[in-house]
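If you want the building blocks of each chain, they are given just below.
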Amino acid sequence: TEPTATTTPPQPTNTTVPASPVPPTATPPPTAAPAQGEQIAFVSERLGEPQIFLMNADGTNQRPLTSQAGGACQPAWSPDGTQLLFISPCARKAVTYRDAALYRINAAGSEVTLLLQQEGGVFDAAWSEGGLVFVSFVSTRPQIFSAEPNGQNVQRLSVTSASDRQPTWSPDGQRIV
């Protein structure tokens, strides 16, 4: 008879035992306002007209921030996370808001300030340390404008023949896309 080769399955040389799972701990209730980047601004119609709400990043502590007559929408955070821009009125969902003005509010819900109002509306705003960009209609065309963070020195960036929308800042805040 011919010899048969037998193979022995490899044996583990170093066996580790899985660690027992760490029991979850209770999350303590918040004692102060969440740090920058831990809040989300969103729009809800749960109280009637659209308004800006804030919530913690985990979805807890949902609360209204605005109570604008005519509604508030299109929130945009300030670079330091302490304030938001929003537009009003915006009583319905739309792509453009020809009658809206641009407002600033503290994340705590105080000090609502009118920043910009111009014929053709102000909407699609974005904020960086370098300033603000937004859209307004010039005649029948949406055009991109820039302004200082306080709403001063408004300048049109679009060429008159363009129909531009939804400007945003590059991550470094140096360019507009």
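In the block above lies the structure referred to throughout.
Reference entry: report on the structure contained in this document. This structure is a prediction, so every number in the text was calculated from the model and none was measured.

If you look at the biggest cluster of nonpolar residues, it comprises 21 residues, and the most contacted ones within it are Leu85, Ile87, Tyr97, Leu102, Leu116, Leu132 and Phe134. Only strand 4 (73-77), strand 5 (83-88), strand 7 (113-116), strand 8 (123-128), strand 9 (131-138) and strand 10 (141-147) provide two or more residues apiece to this core. When residues in this core are grouped by element, the largest group, four residues, is from strand 9. Ala41, Leu54, Phe86 and Ala101 belong to the second-largest nonpolar core, a separate cluster that totals eleven residues.

Let us now look at the pairing of strand 9. Within strand 9, seven of the eight residues are buried, leaving the element largely enclosed by the surrounding structure. As paired strands, strand 8 and strand 9 are joined by four bridges and run antiparallel to one another. Its bridge partner lying in strand 9, Ser128 is registered against Gly131. Turn length for the strand 8-strand 9 hairpin, with the two strands adjacent in sequence and antiparallel, is two residues. With seven bridges joining them, strand 9 and strand 10 adopt antiparallel strand pairing.

Before going further, it helps to spend a moment on the state of the cysteines. Per the stated rule, a full pass over the model turns up one disulfide. Across a sulfur-sulfur distance of 2.3 Å, Cys73 and Cys90 are joined as a disulfide pair. Within this pair, whereas Cys73 is found in strand 4, its partner Cys90 is found in the loop between strand 5 and strand 6 (101-106), the two being separated by 17 residues in sequence. Using a relative accessible area of 2% as the deciding quantity, one classes Cys90 as buried.

So, how was this worked out
Each chain has its residues counted from 1, following the order in which its sequence is written. Confidence filtering applies because this is a predicted model: local features only for residues at pLDDT of at least 70, side-chain atom pairs given and counted only at 80 or more, and all residues used for totals across whole chains, interfaces and linings. With hydrogens and water set aside, each side-chain value is computed from the structure's full complement of heavy atoms. Residue types Ala, Val, Leu, Ile, Met, Phe, Trp, Tyr and Cys, when buried and joined through side-chain atoms within 4.5 Å, form a set referred to as a nonpolar core. Relative accessibility decides the category of a residue: with a 1.4 Å probe and only protein chains considered, values under 20% of the type maximum give buried, values over 50% give exposed, and everything between is partly exposed. In this description a helix means any DSSP run of H or I spanning at least four residues, a strand means any run of E spanning at least two, and both kinds are numbered starting from the N terminus. The pairing criterion is simple: DSSP has to find at least two bridges between the two strands. Criterion for a disulfide: a pair of cysteine sulfur atoms at a distance within 2.5 Å.

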